[in-house]
Amino acid sequence: MTENTDVLVIGGGYAGVMAANRLTQRDDVTVTVINPRPTFVHRVRLHQLVGGSDGAVVDYREVLAEGVRLVVDTVARIDAADRSVTLTSGDTVGYDYLVYAVGSGSADPRVPGAGEFAHPVATLEEAQRLRPVLDSAPTAAAVTVVGAGPTGIETAAELAEQGRTVTLVCGGVLGPYLHSRGRRSVARRLAALGVTVLDGTDAKVTTVTRDAVRLADGRELPSRVTIWTAGFAVPDLAARSGLSTDALGRLLTDETLMSVDDDRIVAAGDSAAPSGLALRMSCQAAMPLGARAADTVLSLLAGEQPETLNQSFGAQCISLGRRTGIFQFGNRSDVAVWFHLDGRLGAKMKEAVCKGIVKHLADEAHKPGGYSLHRMKGGAGRRQALESEHGQAPATAQRAA
């Protein structure tokens, strides 16, 4: 009789759900997902929750395989030696293999007043808390969005399209990932929506107060509602559990996503740092990483050598309100190229991607093993970066003693 294997997945986001679904390929594997919420957060729609056009949640019954057990709780500590985790409820759950997919959230702004007066939007709860704050503010009240990555751009555009007075403080370049042509397209759309864009080195926030934002050049902007989108951070669970992490707290793994400390622990998504060279935090990386993590566990169970990471990127898509967007193409090394699609077509492409994410997860739930984007040829830029970092592109990272 075949002995059953218990696999525990910490985190029910894009990476965790993909990994959990894929692991159900084997009947002798029991999969448990531990997640702090009873519903799946469609994180790329959180700006729509803030604007009121979407709830940004999906029932787990739509995306999680029927045989996967969901435990609504939070992991307080991982005991790698005992192969168990302790939950905040006090319960202990054992495992044979663990998939570490705890995701990311808002970074500590470390700007005076920002923690007290600014509103982050990186998590469901943060976005839900912001909604009534905006609802209680007059439409003409000044809204300041800090941070000009995709989250900041999307949030600013969503609110400006509703007629709100929005200032986007970039703290540097508008849309750092974008090609210069794509950046000009986004700037034109934001201008058409009435968004005031403040970029350059002087457009850095130094202080946030209850009703204003102060910049490095001395300017003070009136701000009834300040929204903070500048930066993301990962939970400190790995570090608290005595596991090796990078400087930001992401779990250090080799190129098969196995922890450098313990080959019974694999990582995926925003909280993973393969060979110390983490990928861009995004659902575009999270789902393939989740699939790769599951494949690593399945290979180990089969007594086979796991394949190494071969991550390939293709684009970044940003919504600019409900009617316009931009689909910025990039090469497989995740560098933006000159070509992009904008306007209504860009919006349609972004919406197709958002719907496609849920479909990929649902398809993997119903037919585990069908997802294959993590096997696309690519990753040349990553291999070159690893060669520069380590002298060679390692198949597996050096294990800690």
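For clarity, every value in this text was computed on a predicted model and none was experimentally measured. (Residues numbered from 1 in each chain as written. Predicted model: local features only at pLDDT ≥ 70, side-chain atom pairs only at ≥ 80, totals over all residues. Heavy atoms only, no water.)

Q: How should the overall build of the protein chain be read in this particular structure?
A: When you go through the protein chain residue by residue, the secondary structure sums to 11 helices and 25 strands. Scaling as 2.2 N^0.38, a compact globule of 401 residues should have a C-alpha radius of gyration of about 21 Å, and the protein chain matches this with 21 Å. Across its three principal axes, the protein chain shows a C-alpha extent of roughly 70 × 45 × 40 Å. Here the protein chain holds 401 residues, and the buried ones make up 52% of them. Counting 42 positive and 44 negative side-chain charges, the protein chain places the centres of these two groups 8 Å from one another. (Helix = DSSP H or I, 4+ residues; strand = E, 2+ residues; numbered from the N terminus. Rg over C-alpha atoms; globule rule 2.2 N^0.38 Å. Buried < 20%, exposed > 50% of the residue type's maximum accessible area, 1.4 Å probe, protein only. Lys, Arg positive; Asp, Glu negative; His and termini not counted. Charge placed at Lys NZ, Arg CZ, Asp CG, Glu CD.)

Q: How should the packing of helix H1 (residues 14-23) against helix H10 (residues 343-366) be read in this particular structure?
A: Two quantities define a packed helix pair, namely the angle between the helix axes and the distance between the axes. Following both chains from N to C, one finds H1 and H10 inclined at 25 degrees, their axes separated by 8 Å at the closest point. Considering the angle they form, H1 stands roughly parallel to H10. The hand of the H1/H10 crossing is left-handed. In this structure, H1 contributes Tyr14, Val17, Met18, Asn21 and Arg22 to the contact, and H10 contributes Ile357, His360, Leu361, Glu364 and Ala365. (Axes fitted to C-alpha atoms, helices over the stretch in contact; angles between N-to-C directions. Parallel < 35°, antiparallel > 145°, perpendicular 65-115°, else oblique. Left-handed = near helix turned anticlockwise from the far one by under 90°. Contact = heavy atoms within 4.5 Å.)

Q: Where do I start with the UniProt feature "domain: FAD/NAD(P)-binding" (unreviewed entry) in the protein chain in this structure?
A: In the numbering used here, UniProt assigns the "domain: FAD/NAD(P)-binding" (unreviewed entry) feature to residues 6-277. Segment residues 6-277 splits into 25% helix and 29% strand. End C-alpha atoms: 29 Å apart. (UniProt positions renumbered as here; feature names shortened; annotations may be inferred.)

Q: What am I meant to see in the sheet that holds strand E15 (residues 205-208) here?
A: Strand order in the open sheet formed by 3 strands is E15-E16-E17, and the pairing between neighbours is antiparallel. The open sheet has two edge strands with one neighbour each: E15 and strand E17 (220-222). The average undirected angle you get between the axes of adjacent strands in this sheet is 25 degrees. Alignment of strand E16 (residues 212-215) against E17, held across 3 bridges, turns out to be antiparallel. The partner of valine 213 across the bridge, within E17, is leucine 221. (Pairing = 2+ DSSP bridges.)

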